[in-house]
Amino acid sequence: MNRRISLRQELPLLVWLVFVWGALWQDFSPGNLLFGALLAVVVARMFYLPPVEVSGRFNVLYAIPFALGFLGRVAAASFQVMYLAVFRGPYVSNAVVAVPLRSRQDLMVTATGHVISLIPGSLVVEVDRSTSTLYLHGLNVRNAEDAAKLRDDVRAIEARLIRIMGTREELELIRLEAAP
Amino acid sequence: MIPDAGTLDAVIDGLSAVFMVVGALMSLAAAVGLLRFPDLLSRMHAATKPQVLGLFLLLAAMGLQLRTWWVWPVLLVAWIFQLLTVPVSAHMVGRAGYRTKHLHRELLSTDELEAVVQKAAAKAAREDSSDGGH
Amino acid sequence: MMQTVLAVTAVILSLAAAGAIIRIARGPSLLDRVLASDVLLAILGAALCIDMAVNRHLDNLMLLVALSVIGFIGSVTVARFVADRREQPRDS
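Everything quoted here is computed from the prediction, not taken from an experiment. Each chain has its residues counted from 1, running along the sequence as written. Chain A is the first chain written and ligand 1 is the first ligand written, with later ones labelled in order. Only residues with pLDDT of 70 or above have their local features reported here, since the model is predicted, and side-chain atom pairs are shown and tallied only from 80 upward, although totals for entire chains, interfaces and linings are computed over all residues.

Overview of the overall build of chain A
Next up, step 1: By definition, any uninterrupted DSSP run of H or I lasting at least four residues is a helix, any uninterrupted run of E lasting at least two residues is a strand, and each is numbered from the N terminus. Scanning chain A from terminus to terminus reveals six helices and three strands.
Next up, step 2: Start at the N end of chain A and walk to the C end: the helices and strands fall as α-α-α-β-α-β-β-α-α.
Next up, step 3: Expressed along its principal axes, the backbone C-alpha trace of chain A runs to roughly 60 × 40 × 30 Å.
Next up, step 4: Burial status across chain A gives 29% buried among its 180 residues.
Next up, step 5: Note on contacts: each residue gets a C-beta atom placed from the backbone, and two residues are in contact if those atoms are within 7 Å. When contacts within chain A are restricted to residue pairs at least 6 apart in sequence, those whose partners lie at least 24 apart make up 65%. Neighbour density around each residue's C-beta defines its exposure: 20 or more other C-beta atoms within 10 Å make it buried, 12 or fewer make it exposed, and counts between make it partly exposed, where C-beta atoms are placed from the backbone.

A word on the confidence of the model for chain C
Next up, step 1: One number per residue, pLDDT, summarises how confident the predictor is, and it ranges from 0 to 100. On average, residues of chain C score 83 in pLDDT, and 89% of them are at 70 or above.
Next up, step 2: Of all secondary-structure elements in chain C, the lowest mean pLDDT belongs to helix α3 (residues 61-91) of chain C, at 75, while helix α1 (residues 2-26) of chain C reaches the highest, 90.

Comments concerning the interface of chain B and chain A
Next up, step 1: Contacts between chain B and chain A engage 35 residues on the former and 38 residues on the latter.
Next up, step 2: Considered class by class, the residues forming the side of chain B that touches chain A number 23 nonpolar, seven polar and five charged. The nonpolar class holds Ala, Val, Leu, Ile, Met, Phe, Trp, Tyr, Cys and Pro. Asp, Glu, Lys and Arg form the charged class, and all remaining residues, Gly among them, are polar.

Quick word on the interface of chain B and chain C
Next up, step 1: Between chain B and chain C, the contact holds 43 residues from the first and 42 residues from the second.
Next up, step 2: Elements with a minimum of two residues in the side of chain B that touches chain C: α1 (5-36), α2 (40-66) and α3 (71-99) of chain B.
Next up, step 3: Examining the composition of the side of chain B that touches chain C, we find that 15 residues originate from one element, α1(B), more than from any other.
Next up, step 4: Grouping the amino acids of the side of chain B that touches chain C by side-chain chemistry returns 28 nonpolar, 12 polar and three charged.

Overview of the environment of Asn143(A)
All names here are of chain A.
Next up, step 1: Looking at the element boundaries, Asn143 is found in the loop between β3 (133-138) and α5 (144-165).
Next up, step 2: We classify Asn143 as exposed; it has 11 C-beta atoms within 10 Å.
Next up, step 3: Sequence spacing of Asn143 and Ser93 is 50 residues, and the spatial spacing of their C-alpha atoms is 9.1 Å.

Overview of the pairing of strand β1 (residues 94-100) of chain A
All names here are of chain A.
Next up, step 1: Burial analysis of β1 places five of its seven residues in the buried class, which makes it a mostly covered element.
Next up, step 2: Here β1 pairs with β3 via six bridges, running antiparallel. Looking across to β3, one finds that Pro100 is bridged to Thr133. We call two strands paired when DSSP finds no fewer than two bridges between them.

Considering α5(A)
Residues and elements named next belong to chain A.
Next up, step 1: An ideal rise of 1.5 Å per residue puts 32 Å on 22 residues; α5 measures up with 32 Å between its terminal C-alpha atoms.
Next up, step 2: Three or more residues of α5 are buried, namely Ala147, Leu150, Val154, Ile157, Glu158, Leu161, Ile162 and Met165. Looking straight down α5, one finds its buried side chains confined to an arc of 145°; they lie on one side. What points out from α5, more than 90 degrees from its buried face, is the exposed set Glu145, Ala148, Asp152 and Ala156. To estimate the expected span of a helix, count its residues, drop one, and scale the result by 1.5 Å. This arc is built from the directions going out from the helix axis to the C-beta atoms.

Following this line, the structure appears as structure tokens:
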């Protein structure tokens with residue numbers, strides 16, 4: 001394994017570490033941030049992590065609506081789970097649904113799984129890395145239509161994540177799918 | 001039209017009061033779900049997820065009440081840590097629950113994982129027996 | 001007004017904590033109890049948040065972060081442990 005990682009690949013980690021440093025000290029003055037950056041570089045060098053393969057693109061134009069939409073979905077789904085807990089309770093029916101993803105990258109599969117787990121009503125039970133298939137446990141999935149709806153939902157979320165930070169090949173795939 | 005400081009204060013107070021009550025209700029929803037859902041995996045949904053929104057609302061209420069900009073980054077970091085850890089622990093508990101057969105099959109409308117698991121188990125058993133034969 | 005909010009949320013959170021404790025006591029399996037104690041921790045965190053918001057201080061913030069880290073490590077550890085223990089008899 002190549003031990004050298006380029007600065008570009010390390011940059012998201014460093015920025016995050018500096019942000020946490022500033023937030024914890026509650027001080028965003030340049031001197032403090034500079035010291036934080038120094039510490040971040042030292043920490044990233046000493047506690048070496050296996051490099052995450054990032055594609056190197058990040059589209060802010062898609063990221064901000066995605067974040068807002070995500071918050072809205074979380075809010076709506078939280079109330080839905082609340083409704084189910086109070087009124088349907090013991091009679092709720094669930095399903096374990098297999099969702100094949102397009103992307104083969106670990107980061108993309110992880111991000112999709114994370115987002116779908118955070119939205120109430122679905123939960124990742126198992127991941128098959130070789131075929132990048134997620135096995136989700138869905139709340140209130142009564143029949144095949146609900147399962148198909150859940151599957152489409154997950155694939156739509158993956159498409160939006162690919163638009164934000166997928167590789168160029170995956171982006172092409174999404175464009176081709178959306179075209180006809 | 002610029003509202004004077006008094007009404008602005010009242011609006012912020014009211015907003016944060018609403019946030020706090022709804023955030024607390026999310027905790028109650030988790031508890032009701034824990035008590036009423038029939039099996040472990042559906043309890044997981046109720047237990048972990050409403051807390052994400054609940055904590056978000058409570059942290060937002062805190063940020064509004066403190067009225068200083070430098071608390072927002074700390075609150076954001078606290079919330080992002082929550083976002084990163086909740087799915088992981090939910091997945092770990094859910095997977096352990098699925099593997100130890102903690103779910104009621106009759107409550108599942110479909111189970112697309114079971115066939116895969118059985119195939120893998122059959123394959124492992126075959127490999128085991130062929131290993132034993134040699 | 002803040003005092004009313006404090007009272008209302010205190011009642012709601014007490015009910016929630018009672019529910020979680022009932023599930024800890026009754027829960028048929030270990031994983032149910034772990035889940036319920038995780039919820040109890042989250043309810044404690046919510047109470048800390050509301051205290052900070054109403055009384056306008058930040059003293060408990062690190063306690064809150066520590067609380068969620070403890071909940072995370074606890075449930076992950078127990079989940080691994082349970083999965084291991086159940087798998088061994090099948091293998092042998």
